[in-house]
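Listed below are the residues making up each chain.
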Amino acid sequence: MKGNLGCGYFSLGPAEKTGDCFAVVSGVKNFEEMLEAVVLSASSAARAAGVEAGVTTGREALILMEQ
């Protein structure tokens, strides 16, 4: 399974329609901050992989979605 991490600019709608793993973080200015930020929301597929909004960091989300 492969996943994507994006900022709040992105919508989960397309990921839900296609079944993609996608997690969203907010309030970041660069990729390093994305990795450290806590996930704001996640697609159903990402949640099934173990990503939890409000708990999982961007880095953890990418690892979980890679498995």
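Since this is a predicted model, take the numbers as computed values, not measurements.

K.L.:
Give me the environment of Ile-63: which residues, what numbers.
P.N.:
Positionally, Ile-63 belongs in helix H4 (residues 58-66). Separated by 60 residues in the primary sequence, Ile-63 and Gly-3 have C-alpha atoms spaced 8.8 Å apart.

K.L.:
Give a description of the confidence of the model for the chain that names residues and reports values.
P.N.:
Averaged over every residue, the pLDDT of the chain is 95; residues scoring 70 or more account for 99%. Mean pLDDT across the secondary structure elements of the chain bottoms out at helix H1 (residues 13-18), with 95, and peaks at strand S3 (residues 41-42), with 98.

K.L.:
Can you explain the nonpolar core? Please cite residues and give values.
P.N.:
Taken as a class, soluble globular proteins show a tendency for nonpolar side chains to be buried jointly. Within the largest apolar cluster, 13 residues are counted, with the highest numbers of intra-cluster contacts made by Ala-23, Val-39, Val-51 and Met-65. For this core, the elements supplying multiple residues, two or more each, are strand S2 (21-24), helix H2 (31-36) and H4. Other than its neighbours up to four places away in sequence, Val-39 contacts Ala-23, Val-24, Val-25, Val-51, Glu-52, Ala-53, Gly-54, Thr-56, Thr-57, Gly-58 and Ala-61.

K.L.:
Go over the sheet that holds S2, please, and point to the residues and values.
P.N.:
Across the sheet, 3 strands lie side by side as S1-S2-S3; this open sheet has mixed pairing. A strand with exactly one partner marks an edge of an open sheet, and here the two such strands are strand S1 (3-6) and S3. In this sheet, S2 lies alongside S1 in parallel orientation, the contact comprising 4 bridges. Looking across to S2, one finds that Gly-3 is bridged to Cys-21. Contacts from H4 reach S1 and S2, with the element oriented near 165 degrees to S1.

K.L.:
Please set out the pattern of salt bridges residue by residue, giving values where relevant.
P.N.:
Oppositely charged side chains may form a pair once their charged atoms are brought near each other. As enumerated under the stated definition, the model contains 3 salt bridges in all. In this structure, Arg-59 and Glu-32 form a salt bridge, with 3.3 Å as the shortest nitrogen-oxygen distance. Highlighted residues: Arg-59 in helix H4 and Glu-32 in helix H2, separated in sequence by 27 residues. Across the salt bridge formed by Glu-36 and Arg-59, the nearest N and O atoms sit 2.5 Å from each other. Here the residue Glu-36 occupies a position in helix H2, and Arg-59 occupies one in helix H4, the gap between them amounting to 23 residues. Overall, the relative accessible area of 37% leaves Arg-59 in the partly exposed class.

Calculation notes
The residue numbers shown here count from 1 along each chain, following its written sequence. Residue-level local features of this predicted model are given only where pLDDT is at least 70; pairs of side-chain atoms are given and counted only at 80 or more, and the full residue set underlies all totals for whole chains, interfaces and linings. Each side-chain value is worked out from all heavy atoms of the structure, with water and hydrogens disregarded. Under the DSSP-based scheme used, a helix requires at least four consecutive residues in state H or I and a strand at least two consecutive residues in state E, with every element numbered from the N terminus. pLDDT measures the predictor's confidence residue by residue and takes values from 0 up to 100. Throughout this description, the term nonpolar core refers to a set of buried Ala, Val, Leu, Ile, Met, Phe, Trp, Tyr and Cys residues connected via side-chain atoms within 4.5 Å. Accessible area is worked out with a 1.4 Å probe on protein chains only. A residue is then buried under 20% of its type maximum, exposed over 50%, and partly exposed in between. The contact definition used throughout considers only heavy atoms, calling two residues in contact when any of these lie within 4.5 Å. Only strands that DSSP links by at least two bridges are regarded as paired with each other. Fitted lines through C-alpha atoms serve as axes, helices being fitted only where they are in contact, and the angles separating the N-to-C directions of these axes extend from 0 to 180 degrees. In what follows, salt bridge is the name for a side-chain nitrogen of Lys or Arg lying within 4 Å of a carboxyl oxygen of Asp or Glu.

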